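Letter by letter, the chains look like this.
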Amino acid sequence: MMQADTEVHKGLEGVIVSESSVGFVDGQAGRLVYRGFNIETLAARSNYEEVAYLLLYGHLPNQKEFENFKATLRSTMELNTDTVDLIKSIGHKAHPMSVLRTVVSYIGAKDPKSNSTDLKDQEEMSLRIMSKFPAIVGTIARASKGLNPVRPDPKLGYAANFLYCSTGSRPDAEQEKIMDTCLILHADHGSNASTFSALVTIATLADMYSAVTSAISTLKGPLHGGANELALETIKKVGKPENAEQVLSKMLANKEKIMGFGHRVYKVYDPRARILKGFAESVTHKNGKEVLFQTAEQMEKVMISKLGEKGIFPNVDFYSGMVYDSLGFESNMFTPIFALARVAGWTARSLEYVKDNKLFRPKAKYVGEIGPKDYIEIQKR
Ligand code: CMC
């Protein structure tokens, strides 16, 4: 029988590695909680900046705290010319996630405080990163299309500024509300892969820029944040509702994963997907792209009929891409938009973890040869 200390928990599935009071995912009940608030309540009544404050500081801000928080974010929201030049120089040829990773790392390299392990400095770095994210991601969106940057407007909120820096036009109230809600829905999600990456990095007492750079790198993969881009591609490939059964059956028979379905924690419908589905229906209707939504809805029915028993349902990435597509974003921008939101969770959980720090150092079970083998000189091998 296998001994307890040599049991391998692949992917750390089910292993509890930290305590947190930032947020909670109930995968059986389909419930997502930020600091005690249901995600549905925050999506309906709050806004992203307030939610970021809640995640970082543990309570909803009063008026004065909120004004101070917004003023702090807005005081450092502009990008320096060299940062803009860096984005322009690589933004049209690299994937936006690679550009985002590079830019956060670059800004960190220039921050004289980035060698500090002081908690107050780590908090300041968190706010500085967050404050610049709308302009960074917006400028990347424009650079990827060869467009000149648009400077952020301090009168606009986080979501509106991102839309402004991306499109060059001030969003209407509906566009702002949709983007803001998408950001709230993506702001935090338990001990997911990118958040865990951030924790591993901050636990070495590296700086917050390094932690966020690690998190961005991890979010990029198609099994995590990158799924939203591929989910929309699959919906477009299916093309119309009548094709869903045949295309999905073939993909499943080939053992392909259908992006936007399944989750390590949720074994029921992802509550974020439910809200995004409502937005997807309304925006596709408004933009004459109803067929996309109808196709997705039929794909959902087929997938649930085939894999619902296994706990496979749409996740946050299935409908989000359709919403961003309808707001005019190219699919390679979907994961950077995820990062634009998740920066709140990454920094909140990193600050929380490092306050009661413990270096991560798991073990790997050695399954190689024990030896000792003879060393043979290279000429004789
Ligand atoms: N399509 C088809 N089959 C699936 C899917 C899917 N999307 N997801 C899981 N399964 C099957 C899988 O083939 C396996 O079947 P079997 O038991 O016959 O081997 C079973 O369900 C368990 O899957 P798993 O991959 O071992 O489970 P996991 O907990 O490691 O996977 C997951 C979680 C998210 C990696 C997986 O569901 C997946 O690859 N989904 C597609 C990618 C995706 O949408 N990712 C976004 C996740 S939500 C946002 C985020 O966190 O970034």
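Only a predicted model underlies this, so the values are computations on that prediction, with no experimental measurement involved.

Focus on the overall build of the chain
Looking only at helices and strands, the chain has 16 helices and 3 strands in total. In terms of overall size, the chain behaves like a compact globule, its C-alpha atoms giving a radius of gyration of 22 Å where 381 residues would be expected to give roughly 21 Å. In terms of overall dimensions, the chain has C-alpha extents of about 70 × 55 × 50 Å along its principal axes. Taking all 381 residues of the chain together, 51% fall into the buried category. Taking contacts inside the chain between residues at least 6 apart in sequence as the whole, the part at least 24 apart equals 74%. Summed over its atoms, the accessible surface of the chain is roughly 18,600 Å², and 52% of this surface lies on carbon and sulfur atoms. One way to put it: in the chain the 48 positive side-chain charges average out to a point 3 Å from where the 44 negative ones average out.

A look at the side chain of Thr-181
Along the chain, the position of Thr-181 falls in helix H8 (residues 173-186). Here Thr-181 falls in the buried class, since its relative accessible area comes to 2%. Once you skip the residues sitting within four places of it in the chain, Thr-181 turns out to touch Ala-43, Ile-275 and Phe-279.

Concerning the pairing of strand S2 (residues 31-34)
Moving residue by residue along a regular strand, the side chains alternate between the two faces of the sheet. Bridge analysis of strand S1 (residues 23-26) against S2 gives 4 bridges, and the strand direction is antiparallel. Opposite Val-25, over in S2, you have Leu-32 as the bridge partner. Taken together, the 2 bridges between S2 and strand S3 (residues 37-38) define a ladder with antiparallel strand orientation. Bridge pairing links Tyr-34 to Phe-37 in S3. Remark: 2 residues form the turn of the hairpin made by S2 and S3, two consecutive strands paired antiparallel; Arg-35 in that turn has positive phi of roughly 45°.

Concerning the domain arrangement of the chain
As far as domains go, the chain holds domain 1 (23-223 + 330-355) and domain 2 (227-326). Spacing between the C-alpha centres of domain 1 and domain 2 amounts to 26 Å. Three residues stand out in domain 1 for area buried against domain 2, namely Ile-178, Leu-185 and Phe-334, and they jointly supply 26% of the buried area on that side. The tally of links from domain 1 across to domain 2 stands at 1 salt bridge. Here Glu-174 and Lys-286 are joined by a salt bridge, their closest N and O atoms 2.6 Å apart. At the boundary of domain 1 with domain 2, the tally comes to 8 residue pairs in polar contact (both at pLDDT 80 or more). Contributions of two or more residues to the side of domain 1 that touches domain 2 are made by S1, S2, helix H1 (39-45), H8 and helix H16 (334-355). For the side of domain 1 that touches domain 2, the element with the most residues is H8, which contributes 7 residues.

Parameters at a glance
- Residues numbered from 1 in each chain as written.
- Predicted model: local features only at pLDDT ≥ 70, side-chain atom pairs only at ≥ 80, totals over all residues.
- Heavy atoms only, no water.
- Helix = DSSP H or I, 4+ residues; strand = E, 2+ residues; numbered from the N terminus.
- Rg over C-alpha atoms; globule rule 2.2 N^0.38 Å.
- Buried < 20%, exposed > 50% of the residue type's maximum accessible area, 1.4 Å probe, protein only.
- Contact = heavy atoms within 4.5 Å.
- Areas by Shrake-Rupley, 256 points an atom, 1.4 Å probe, with all protein chains shown as cover.
- Lys, Arg positive; Asp, Glu negative; His and termini not counted.
- Charge placed at Lys NZ, Arg CZ, Asp CG, Glu CD.
- Pairing = 2+ DSSP bridges.
- Domains from an automatic or database assignment.
- Buried area = accessible area lost by both parts, 1.4 Å probe.
- Salt bridge = Lys/Arg side-chain N within 4 Å of Asp/Glu carboxyl O.
- Polar contact = N/O pair within 3.5 Å; in protein donor to acceptor, adjacent residues only side chain to side chain.

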